[in-house]
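Each chain, written out:
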Amino acid sequence: MSNPSTGASSKSKLASSQPSETSFKRKRGVFQKDLQHMMYGFGDDPNPLPETVALVEDIVVEYVTDLAHKAQDIGSNRGKLSVEDFLYLIRKDLPKLNRATELLSMQEELKQARKAFEVDEEKLGTLE
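By the naming in an unreviewed UniProt entry, the protein goes by Transcription initiation factor TFIID subunit 13 and is assigned to Hibiscus trionum. The UniProt entry for the protein carries the following comment under Subcellular location (unreviewed entry): "Nucleus".

Colleague: Just checking my understanding: could you explain the overall build of the protein for this structure?
Modeller: Along the protein, the regular secondary structure elements total five helices and zero strands. What you see in the protein, going N to C, is helices and strands ordered as α-α-α-α-α. Across the 128 residues that make up the protein, the buried fraction comes to 12%. Within the protein, residue pairs in contact and separated by at least 24 positions form 26% of the contacts whose partners lie at least 6 positions apart. Within the structure as shown, the protein displays about 11,000 Å² of accessible surface, and the carbon and sulfur contribution to it stands at 60%.

Colleague: Honestly, the nonpolar core in this entry has me stumped. Any pointers?
Modeller: Among the nonpolar cores identified, the biggest contains five residues, and these are Leu67, Leu87, Ile90, Leu97 and Ala100. The residues contacting alanine 100, other than those within four sequence positions of it, are Leu87 and Ile90.

Colleague: Please clarify how the packing of helix α2 (residues 32-41) against helix α3 (residues 50-75) should be interpreted in this entry.
Modeller: Helix packing for two helices is described by the angle between their axes and how far apart those axes are. Look at α2 against α3: their axes get within 10 Å of each other, and the N-to-C directions meet at 100°. Accordingly, the angle class assigned to the pair α2 and α3 is roughly perpendicular. Contact residues: Gln32, Leu35, Gln36 and Met39 in α2; Thr52, Val53, Val56, Glu57 and Val60 in α3. Taken together, the residues that form the contact of α2 with α3 break down as five nonpolar, three polar and one charged.

Colleague: Mind showing me how you'd approach the packing of aromatic side chains here?
Modeller: How two aromatic rings sit relative to each other is given by the distance of their centres and the angle of their planes. Under the defined criterion, the tally for this structure stands at zero aromatic pairs. If you follow arginine 91 out to its NZ or CZ, it ends over the ring of tyrosine 88, 4.0 Å from the centre.

Colleague: Can you help me understand α2 in this one?
Modeller: Quick reminder: α-helices carry 3.6 residues per turn. Residues three or four places apart thus point the same way. All of the buried residues in α2 are Leu35, Gln36 and Met39. With its buried residues spanning 105° around the axis, α2 presents them on a single face. Exposed side of α2, more than 90 degrees from the buried face: Lys33, His37 and Gly41 are the residues found there. Glycine 43 sits one or two positions beyond α2 and adopts a positive phi of about 105°.

Colleague: Help me out: how do you make sense of the side chain of glutamate 57 in this one?
Modeller: Mapped onto the elements, glutamate 57 comes out in helix α3. Those residues in contact with glutamate 57 that sit more than four places away from it in its chain are Arg26, Arg28, Gly29, Val30, Phe31 and Leu35.

Colleague: Help me understand the confidence of the model for the protein, please; the structure alone is not making it clear to me.
Modeller: The predicted structure's coordinates, where accompanied by low pLDDT, should not be read in detail. Model confidence for the protein is summarised by a mean pLDDT of 82, while 77% of its residues fall at 70 or above. Low pLDDT (under 50) marks residues 1-22, which in the prediction has one contact with non-local residues, meaning those over four places away or in another chain.

What counts and how
Residue positions within a chain follow its written sequence, with the count starting from 1. Reporting of local features is limited, given that this is a predicted model, to residues whose pLDDT is at least 70; pairs of side-chain atoms are given and counted only at 80 or more, and all residues count toward the totals for whole chains, interfaces and linings. Excluded from the side-chain calculation are hydrogens and water; included are all heavy atoms of the structure. UniProt positions are given in the numbering used here, feature names are shortened, and annotations may be inferred rather than shown by experiment. Secondary structure elements are defined from DSSP: runs of H or I of at least 4 residues count as helices, runs of E of at least 2 residues count as strands, and each element is numbered from the N terminus. Working definition: with a 1.4 Å probe on protein chains only, accessible area under 20% of the residue-type maximum means buried, over 50% means exposed, and in between means partly exposed. Two residues form a contact once any of their heavy atoms are found within 4.5 Å. For accessible areas, the Shrake-Rupley method is used with a probe of radius 1.4 Å. Any residue's cover is judged against the shown protein chains and nothing else. Definition of nonpolar core: a set of buried residues of the types Ala, Val, Leu, Ile, Met, Phe, Trp, Tyr and Cys, connected through side-chain atoms within 4.5 Å. Whenever a helix is involved, its axis is fitted only over the stretch in contact; in every case the axis is a line through C-alpha atoms, and angles between N-to-C directions fall within 0 to 180 degrees. Any angle that is under 35 degrees is reported as roughly parallel, and any over 145 degrees as roughly antiparallel; angles of 65 to 115 degrees are reported as roughly perpendicular and all others as oblique. Following the grouping adopted for this structure description, the nonpolar residues are Ala, Val, Leu, Ile, Met, Phe, Trp, Tyr, Cys and Pro, the charged ones are Asp, Glu, Lys and Arg, and the polar ones are all others, Gly among them. Two rings from Phe, Tyr or Trp (for Trp, the six-membered ring) form a pair when their centres are within 6.5 Å of each other. A pair whose planes differ by under 30 degrees is stacked, one over 60 is edge-to-face, and the rest are tilted. Each ring is checked for a lysine NZ or an arginine CZ that lies within 6 Å of its centre and within 35 degrees of its normal; such an atom marks a charge sitting over the ring. Directions from the helix axis toward the C-beta atoms define the arc. Values of pLDDT, ranging from 0 to 100, describe the predictor's confidence in every residue of the model.

What follows is the structure, encoded as structure tokens:
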């Protein structure tokens, strides 16, 4: 025989573990095209099911949001959020850490190249 009181308590536990619709509101489908291209790049169908893309989007947004909240908690000790907070969080996942440091170094190289290009343009402008 089933006990109705245990069924209700398990439903309330389940509902409390999932975020409510009012706790976060975000625009769904923002990353849909990008995720479709990424999924295809990793071997999926060129046109994956919309439900699959929506599920992957939910997982990605939840992961990034969780990572940002954790980084914010770490950065709250100093009063600001920094790149090092994110690097600290992914320090044990070497592929992610290596990729993040590679992207950061490429960003710095591009910044230096833009700066050098702007200086060259200024020199050319003064010569003319």
